[in-house]
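The chain contents come next:
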Amino acid sequence: MVAPIARQAGAAAPDGAGMVTLIERSIVLLLVVGLLVGVAAVLRPFTTAILFGTTLAIAAWRLRQALIARGLPRGLAAAILLLLALLVVALPVLAVAPAMTSQLGSGIQRVQAYFATAPERPAWFAGVPLLGARLARVWDEVARAGGNLHAMLEPYSGTLQQTLLTAAQALADSVLQVVLSLVVATMLWTTGDRLAEELRDIFRRLGGVTAEATLDAVAGAVRGVALGVIGTAMIQAALLAFGLAVAGVPGAATLGFVGLLLAISQVGGPLLILIWGGAAWWLFGQDHGGWGVFMIAWGVLVSTIDNFLKPWLIGLGVHMPMSLTILGVFGGFVAFGFLGLFIGPALLAAALILLRSWRANAPLAV
């Protein structure tokens, strides 16, 4: 009688210990989840800056390694890369902003002078799909106002004021995010080796060699897109500005900067034709037919050079089918905005590595 009771007591003890262990693990899990939520809440305002700064650091990592290999200290290499980033990002904006303001004012004056003569509406407006009627209505409103844009826009002053305030706030936020991104990138350029090793160790512990290969694929995708998308856009903008300057088109630097923004956005890339096409139209109107033909030929070169230059540059950093890379670039941009240019290909690269690893390790059917 005593033995069965002892066995029952002995059997109850492990159940109680198991319950205590389960409760302890649940508490630890809740604490870890709470910690992660708190960390996410702290970093949330800086998500864009962290992602863009990390992207910039990865894109220039090989250059950083080359500088260190030549004997430069890590801090000096980071300072040089920061200076280059400022020259590439800040200097063009500071140089183009005054010219853009003057060009905008001059353009408004030309529009007012043109519509002051009540010109006839172009017949081709009717053939423009979807936007033909709206373009005709805007033309008639400007013509009735005699070129006085202030009088034409008077009914929309409240909406325009709110739009300008929103745009100004967005611009201020963008400037702040760019500054924070440069700070993040500089920190990574300075002490990124230790962080890279820790990330490799974490991924290796979590998923072995496959997870480590996924991390390398993501870094390669980010680097490839930075080379392909940003590099191609800069080359296109430089060629566009050079052609406009050679042809004698006013505001070549400003138009080249606008072309850079359009080319980087990918979706606005086809709109480059509006810049060089408008320049050619202006040249023909100034009786410079030869330069107008040159502008058309040069513009076709600028608009089509990305078809072979971009895949080549992207292929230097990412090793996956070009069709997937292009889908990642465009789909990422549509889903996440500018940073999606890098997030999209990185996600597809990680998924491709995991799929290939699963196929390699999956047992064959008998």
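Calculation criteria
Residues numbered from 1 in each chain as written. Predicted model: local features only at pLDDT ≥ 70, side-chain atom pairs only at ≥ 80, totals over all residues. Heavy atoms only, no water. Helix = DSSP H or I, 4+ residues; strand = E, 2+ residues; numbered from the N terminus. Buried < 20%, exposed > 50% of the residue type's maximum accessible area, 1.4 Å probe, protein only. Contact = heavy atoms within 4.5 Å. Areas by Shrake-Rupley, 256 points an atom, 1.4 Å probe, with all protein chains shown as cover. Core = buried A, V, L, I, M, F, W, Y, C linked by side-chain atoms within 4.5 Å. Expected span 1.5 Å × (residues − 1). Patch = residues over 30% accessible without salt bridge, like charges linked within 9 Å, V, L, I, M, F, W, Y side chains within 5 Å. Salt bridge = Lys/Arg side-chain N within 4 Å of Asp/Glu carboxyl O. Polar contact = N/O pair within 3.5 Å; in protein donor to acceptor, adjacent residues only side chain to side chain. Phe/Tyr/Trp six-rings, centres within 6.5 Å; stacked < 30°, edge-to-face > 60°. pLDDT = per-residue confidence, 0-100. Axes fitted to C-alpha atoms, helices over the stretch in contact; angles between N-to-C directions. Parallel < 35°, antiparallel > 145°, perpendicular 65-115°, else oblique. Nonpolar A, V, L, I, M, F, W, Y, C, P; charged D, E, K, R; others polar.

A. Inspection of the overall build of the protein at higher detail. Assigned secondary structure in the protein consists of 13 helices and zero strands. Each helix and strand of the protein, placed in order from N terminus to C terminus, yields the pattern α-α-α-α-α-α-α-α-α-α-α-α-α. Taken across its 366 residues, the protein has 29% of its residues classed as buried. In the protein, of all internal contacts separated by at least 6 residues, the share reaching a separation of at least 24 is 68%. For the protein, the exposed area adds up to about 22,700 Å²; of that, 73% sits on carbon and sulfur atoms.

B. Seen up close, the nonpolar core. In this structure, Leu240, Leu244, Val249, Leu272, Ile275 and Met295 are the most contacted members of the largest nonpolar core, which totals 15 residues. Looking at this core, the elements with two or more residues in it are helix H7 (157–247), helix H8 (252–264), helix H9 (272–285) and helix H10 (289–304). Ranked by residues supplied to this core, first place goes to H9 with six residues. Dropping the residues within four chain positions of it, Ile275 is found in contact with Leu240, Leu244, Leu255, Val258, Gly259 and Leu262. Val222, Phe257, Ala263 and Ala346 belong to the second-largest nonpolar core, a separate cluster that totals 14 residues.

C. Spatial organisation of H8. Taking 1.5 Å per residue, 13 residues should reach 18 Å; H8 reaches 18 Å between its end C-alpha atoms and fits that length. Listed as buried for H8 are Ala252, Thr254, Gly256, Phe257, Gly259, Leu260, Leu262, Ala263 and Ile264.

D. Structural view of a nonpolar patch on the surface. A cluster of nonpolar residues, Leu63, Leu76, Ile80, Leu83, Leu84, Leu87, Val88 and Met234, forms a patch on the protein surface that exposes about 660 Å² of accessible area. Looking at the nonpolar patch, the element that brings in the most residues is helix H4 (residues 74–115), giving six residues. Along the chain, Met234 turns up in helix H7. For Met234, a relative accessible area of 40% gives the class partly exposed.

E. Highlighting the side chain of Thr186. Take Thr186: it is sitting in helix H7. From its side chain, Thr186 meets the backbone oxygen of Leu182 in a polar contact 2.7 Å long. Beyond its immediate chain neighbours, meaning those up to four positions away, Thr186 contacts Ala78 and Leu82.

F. View of the packing of aromatic side chains. Inspection of every chain in the model, using the stated rule, returns three aromatic pairs. Ring geometry for Trp291 against Phe294: centres 5.4 Å apart, planes inclined by 85 degrees, an arrangement best described as edge-to-face. Linking Trp291 with Phe294, this pair stays in helix H10, spanning three residues, or about one helical turn. We classify Trp291 as partly exposed; its relative accessible area is 38%. For Phe294, a relative accessible area of 25% puts it in the partly exposed group. Here the aromatic residues Phe242, Trp291, Phe294 and Trp298 are joined through ring pairs into a cluster of three or more.

G. A look at the side chain of Thr55. Within the secondary structure, Thr55 is located in helix H2 (residues 47–59). With sequence-adjacent residues up to four places away left out, Thr55 is seen in contact with Val222 and Phe342.

H. Examining the environment of Ala279 more closely. Inspection of the secondary structure assignment puts Ala279 in helix H9. The exposure class of Ala279 is buried, given its relative accessible area of 4%. In this structure, the C-alpha to C-alpha distance between Ala279 and Ala247, residues 32 residues apart in sequence, is 8.9 Å.

I. Structural context of H2. Its 13 residues give H2 an end-to-end C-alpha distance of 18 Å, which sits within 8% of 18 Å, the value for a rise of 1.5 Å per residue. Turning to H2, its buried residues are Ala49, Gly53, Thr55 and Ala57.

J. Representation of the confidence of the model for the protein. Looking at the protein, the pLDDT average stands at 74 and 69% of residues meet or exceed 70. Taken element by element, the protein is modelled with least confidence in helix H6 (residues 149–152), mean pLDDT 56, and with most confidence in H10, mean pLDDT 87. With pLDDT under 50 throughout, residues 5–13 is counted as low confidence; its partners more than four residues away or in other chains account for zero contacts.

K. Seen up close, the pattern of salt bridges. Throughout the structure, instances matching the rule amount to four salt bridges. Of the charged contacts in the structure, one is a salt bridge between Arg64 and Asp193, with a shortest N-O distance of 2.7 Å. Within this pair, whereas Arg64 is found in helix H3 (residues 61–69), its partner Asp193 is found in helix H7, the two being separated by 129 residues in sequence. Residue class for Arg64 comes out buried when judged on its relative accessible area of 0%. A salt bridge links Asp193 to Arg74, with the shortest nitrogen-to-oxygen separation between them at 2.9 Å.

L. Spatial organisation of the packing of H9 against H10. The geometry of H9 relative to H10 is characterised by a closest axis approach of 8 Å and an angle of 170 degrees between their N-to-C directions. The angle between H9 and H10 places the two elements in the roughly antiparallel class. Two secondary-structure elements touch here, H9 through Leu272, Ile273, Trp276, Ala279, Ala280, Leu283 and Phe284 and H10 through Gly289, Trp291, Gly292, Val293, Met295, Ile296, Gly299, Val300, Val302 and Ser303. Class assignment of the residues belonging to the contact of H9 with H10 gives a composition of 13 nonpolar, four polar and no charged.

M. Summary view of the environment of Trp281. In this fold, Trp281 is placed in helix H9. Along the backbone, Trp281 and Ile296 are 15 residues apart, and their C-alpha atoms lie at a distance of 9.3 Å.

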